[in-house]
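Residues per chain, in single letters:
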Amino acid sequence: REREREREREREREMLFLPRMALPSLLVLYGSQTGTAQDTAQRIGRQAQRKHIQNRVAPLDGYNVAHLISESLVIFVCSTTGQGDPPDNMKNFWRFLFRKSLPAGSLCQLDCAVLGLGDSSYPKFNFVAKKLHKRLQQLGASLLSSVGLADDQHDLGADAVIDPWLLSVTVPSFPRFCRLPPRYTFHFLEGVGETSGDTERNSKEQRVPSESHPFPARMTSNQRVSHPSHFQEVRLIEFDISDSNIEFTAGDVVSMRPCNNPEDVEQFCQQLRLDPDSQFILKANDSTAGTHSPAGLPEPCSLRHLVEGYLGVAAVPRRSFFETLQCFSTNELEKEKLAEFSSAEGQDELHAYCSRPRRTALEVLCDFPHTTAELKVDYLLDLFPPIQPRSFSIASSPLAHPGKLQILVAVVGYKTQIQKPRRGLCSTWLSSLDPSQGEVRVPLWVKKGTLRFPADQDIPVIMVGPGTGVAPFRSALQERIAQGKAANVLFFGCRSQFKDFYFSAEWRDRVEEGQLKLFTAFSRDQEDKIYVQHRVKEQSKLLWDLIANRNAYFYIAGAAKDMPASVCDALKATFQLEGGLSLEESDQMLVAMEKAGRFQSETWS
């Protein structure tokens, strides 16, 4: 092992004397919705930095796309969201790149490669990466490799594709374990109180709340809507958004960034021997970090605020976390294990240790106490990614609840081989907030969702929303009924009519008033399980009439397991039974509806 380390150091010394002209400048551009593509892009940048290759890592919408014609080497890392949509931070780039006016050979000087991060359980798996790869070819770029299609469903996760793909792009085999300088340096202050004056001022100046300037909405109610005896805790939460300039329509989503559990914050500070009340300001050490503190952090900031509201210490760490952690390890046993987790060959072990049992970064630090004792505070922002915002379908309409916004939240909790139960960060945090005990403010912002509802008064809508998937349809029904649109059909499913039939009284009132046709499937209230797809099949005559004769829109929302595919199969069976279509023709009809916007789905894993 010592000889291997010496050879590694020798290669490092040789790299210092390689002619710089032989190493092209690398630009890594990413489109990331949940932070995974960003983490992968930054990991590629760190590997290039260890090889002394000049590089820059940036979000696609933070890069002037007009400069692309002068770049020599670019790696694109992008995820796919919704129904084949680009992430929020690459939408402007996407629109520009697909302009029909761009000349065919405009990128003929560019060498590039595209890595997609996706989930094969979704129908449009890695759609954005595939389409980007094809478009770059059309514009004359030289592609260094076939498009990389990383899959979360793989037993080893995305790395099972990323590692061999990087080799296929002829990216050099980078030395892995030399410690790089931190992106930021912490400068601690004495006798200075934390302030967020600039953030507050900017928020007031901001016309519409956004991720960088959220609106601190007051929580007005937080009530459990599932029966107390039901295994799943589901809550209806309402916020006051008066004077926020927030506008939304049915199908839109609200986003918020949750906070870490106070107990986790205290444990983290104890493990790293940090004073949570100490104040600091950040100084960027290189151009890739930018010139300012990360968005959302006040200046000065306390360590408690940083850990509680910014660092993802409760997230399941990625492979890059172990690569960085190993740089600090001086304990031979811990160093050897971290090296294994960081290697391509050790991904089976890493998956079994971390991903499968959903072990958090904080729990990993507990398992590597000697290495944790060596960590430097300046590396906190390199080790821990920021807490990612969570998005929820809005479950209300301002036409029914002016100045208010409601969400339906299932509190996530489950068990793994780890003794301590696993908890969803955002849902657990939201469920803990009690506005009856004092004022509660949650910074939030609204984004356009993927669901669009017809403006035409006479076009019917058919909505299939089991469980909390009914949330966007409640918003749509409130909006449509307020507009006088009564051609509404809802298929709702849950386990029990008496335990998790959300908004049952509201639906009954709408049915009695002739504003809604409701079909329910209570899967556990009888011996044979009944699901929404069974009810869809039973209503084949009604559905065929609405779709074939009245141009109805069909919607699905809910968990992306078996339900969406089963509902689609039931719908195609309706086309065959009532319309006399063949299997192939029913497939074509559903595709045509989707292209016309008459078939839409919003699913999540």
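Residues numbered from 1 in each chain as written. Predicted model: local features only at pLDDT ≥ 70, side-chain atom pairs only at ≥ 80, totals over all residues. Heavy atoms only, no water.

Asks: Whenever I open this one, the pairing of strand E21 (residues 553–559) confuses me. Can you help?
Replies: Both faces of the sheet carry side chains from a regular strand, because those side chains alternate between them. The element E21 is largely enclosed, with a buried count of six among its seven residues. The sheet contact formed by strand E18 (residues 461–464) and E21 spans four bridges and is parallel. Following the sheet pairing, valine 461 is matched in E21 by tyrosine 553. Both E21 and strand E22 (residues 599–604) contribute to a ladder of six bridges, which runs parallel. By the bridge assignment, alanine 557 is partnered in E22 with glutamate 602. (Buried < 20%, exposed > 50% of the residue type's maximum accessible area, 1.4 Å probe, protein only. Helix = DSSP H or I, 4+ residues; strand = E, 2+ residues; numbered from the N terminus. Pairing = 2+ DSSP bridges.)

Asks: Could you clarify how one ought to interpret the sheet that holds strand E19 (residues 488–494) in this entry?
Replies: Within a sheet, adjacent strands bond to each other through the backbone by hydrogen bonds, running parallel or antiparallel. Within the open sheet, the five strands sit side by side as E20-E19-E18-E21-E22. Their pairing is parallel. Among the strands making up the open sheet, the edge pair consists of strand E20 (517–522) and E22. With direction set aside, neighbouring strand axes in the sheet form an average angle of 10 degrees. Summarising the sheet, E18 and E19 pair through four bridges and their orientation is parallel. Across the sheet, the residue bridging to valine 464 is phenylalanine 491, located in E19. Of the strands in this sheet, E18, E19, E20 and E21 touch helix H19 (residues 540–550), which is tilted by about 130 degrees from E18. (Axes fitted to C-alpha atoms, helices over the stretch in contact; angles between N-to-C directions. Contact = heavy atoms within 4.5 Å.)

Asks: Explanation requested: the pattern of salt bridges in the structure shown.
Replies: Opposite charge on two side chains lets them pair, provided their charged atoms get close. What the rule picks out here adds up to 26 salt bridges. A salt bridge links aspartate 88 to lysine 447, with the nearest nitrogen and oxygen atoms 2.9 Å apart. Of this pair, aspartate 88 sits in the loop between strand E3 (73–79) and helix H3 (91–97) while lysine 447 sits in strand E17 (residues 441–447), and the two are 359 residues apart along the sequence. Each of the salt bridges in this network shares a partner with another, and the network as a whole consists of Arg43, Asp159, Asp163, Arg319 and Glu323. (Salt bridge = Lys/Arg side-chain N within 4 Å of Asp/Glu carboxyl O.)

Asks: I'm lost on the UniProt feature "binding site: NADP(+)" (unreviewed entry) in the chain in this one. Help?
Replies: Mapped onto this structure's residue numbering, the UniProt feature "binding site: NADP(+)" (unreviewed entry) falls at Thr468, Ser523, Arg524, Lys529, Ile530, Tyr531, Val532 and Gln533. Along the chain, serine 523 turns up in the loop between E20 and helix H18 (532–538). What makes serine 523 buried here is its relative accessible area of 5%. Residues contacting serine 523, with those up to four places away along its chain left out, are Cys494, Arg495, Asp528, Lys529, Ile530 and Tyr531. Within the secondary structure, arginine 524 is located in the loop between E20 and H18. Classification of arginine 524 as partly exposed rests on a relative accessible area of 37%. Once you skip the residues sitting within four places of it in the chain, arginine 524 turns out to touch Arg495, Lys529 and Tyr531. (UniProt positions renumbered as here; feature names shortened; annotations may be inferred.)

Asks: Looking at this model, I keep getting lost on the packing of aromatic side chains. Mind explaining?
Replies: To describe a pair of aromatic rings, you give the distance between the ring centres and the angle between the ring planes. Tallied over the entire structure, the rule returns 23 aromatic pairs. Summarising the aromatic geometry, the rings of phenylalanine 322 and tyrosine 353 are spaced 6.4 Å apart at their centres and angled 75 degrees between planes, so their arrangement reads as edge-to-face. With a gap of 31 residues between them, phenylalanine 322 in helix H9 (residues 319–326) and tyrosine 353 in helix H11 (residues 347–355) connect regions that are remote in the sequence. The same class applies to phenylalanine 322 and to tyrosine 353, which are both buried. (Phe/Tyr/Trp six-rings, centres within 6.5 Å; stacked < 30°, edge-to-face > 60°.)

Asks: Can you help me understand the nonpolar core in this one?
Replies: Inside soluble globular proteins, nonpolar side chains tend to come together where they are buried. Counting residues in hydrophobic clusters, the biggest one holds 39 residues, and the most contacted among them are Phe268, Leu306, Leu311, Phe321, Phe322, Leu380 and Phe384. Broken down by element, this core gets its largest block of residues, four residues, from helix H12 (residues 361–367). The contact partners of leucine 311, leaving out residues within four places of it in the chain, are Asn260, Phe268, Leu306, Leu380, Leu381, Phe384, Pro385 and Ile387. Membership of the second largest hydrophobic core comes to 28 residues, among which are Leu408, Trp507, Tyr553 and Tyr555. (Core = buried A, V, L, I, M, F, W, Y, C linked by side-chain atoms within 4.5 Å.)

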